[in-house]
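Now for the letters of each chain:
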Amino acid sequence: MSDSQPARQGVPRLGPLPHLIFSSRWLQLPLYLGLIVAQGVYVFLFLKELWHLIHDANALTEQGIMLIVLGLIDVVMISNLLVMVIVGGYETFVSRLNLQGHPDQPEWLSHVNASVLKVKLAMAIIGISSIHLLKTFIEAGSLGLPPCTPELAAGVLCSKATSTGVMWQTIIHCVFILSAIGIAYTDRLMGAAIKPHKPAAPH
């Protein structure tokens, strides 16, 4: 079979160098497998915090319960971010998963590409930052108390938040939002630039 003839199943035959370069995408496979391991660690962390919430429910205050629940939500959102990176990244940059018609195929995966994945990741990061900022605002009620240090006796009221820390966390969260808006706007401009122009209707 000559090089100009298509390979089996209509797949074009590549030369040695293009084949090597294209096959290098499989070097990303250990990275995605490592992220799966990291997700398993987050599952363990979630179960650990859930057990702490159930075991100490009688001793915890309403604020303490709220902080633990926000921590659980934070773990779930980070896990969702990992799923988007693992599934979307593998589908976009490594190989097709061939999930068409599968009942559990994620809705967003049917139209995912590098631009869509980038915007979704930016929105997920904003969601995670929002949870951290909400936790900080809850702890901000203790501002003015002495900072929590290992030297303080047990049961002494102290503050884990500082005015400077709250300010900078708010600024960073706003930067995340502006960055996501900039990414979405840039992708919209690029999408509009590559759309084929329709010919003018004849008069």
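The structure displayed is predicted, hence computed values, not measured ones. (Residues numbered from 1 in each chain as written. Predicted model: local features only at pLDDT ≥ 70, side-chain atom pairs only at ≥ 80, totals over all residues. Heavy atoms only, no water.)

Draft legend 1. Fine view of the packing of aromatic side chains. Tallied over the entire structure, the rule returns two aromatic pairs. Arranged with centres 6.3 Å apart and planes meeting at 70°, the rings of Trp26 and Tyr90 form a pair that is edge-to-face. Placement of the pair is Trp26 in the loop between helix H1 (16-23) and helix H2 (29-55) and Tyr90 in helix H3 (residues 62-93), with a sequence separation of 64 residues. What makes Trp26 partly exposed here is its relative accessible area of 36%. Each ring, one from Tyr32 and one from Tyr90, has its centre 6.3 Å from the other, and the planes form 85°; the classification is edge-to-face. (Phe/Tyr/Trp six-rings, centres within 6.5 Å; stacked < 30°, edge-to-face > 60°. Helix = DSSP H or I, 4+ residues; strand = E, 2+ residues; numbered from the N terminus. Buried < 20%, exposed > 50% of the residue type's maximum accessible area, 1.4 Å probe, protein only.)

Draft legend 2. Representation of the UniProt feature "transmembrane region" (unreviewed entry) in the protein chain within the structure. Under the local residue numbering, the UniProt record ascribes the feature "transmembrane region" (unreviewed entry) to residues 29-47, 67-90 and 166-185. Annotated as residues 67-90, this span is 100% helix and 0% strand, and its ends, taken at the C-alpha atoms, are 34 Å apart. (UniProt positions renumbered as here; feature names shortened; annotations may be inferred.)

Draft legend 3. Expanded view of the side chain of Ser129. In this fold, Ser129 is placed in helix H4 (residues 114-139). We classify Ser129 as buried; its relative accessible area is 10%. Polar contacts involving the side chain of Ser129 include one to the side chain of His173, which spans 2.8 Å. (Polar contact = N/O pair within 3.5 Å; in protein donor to acceptor, adjacent residues only side chain to side chain.)

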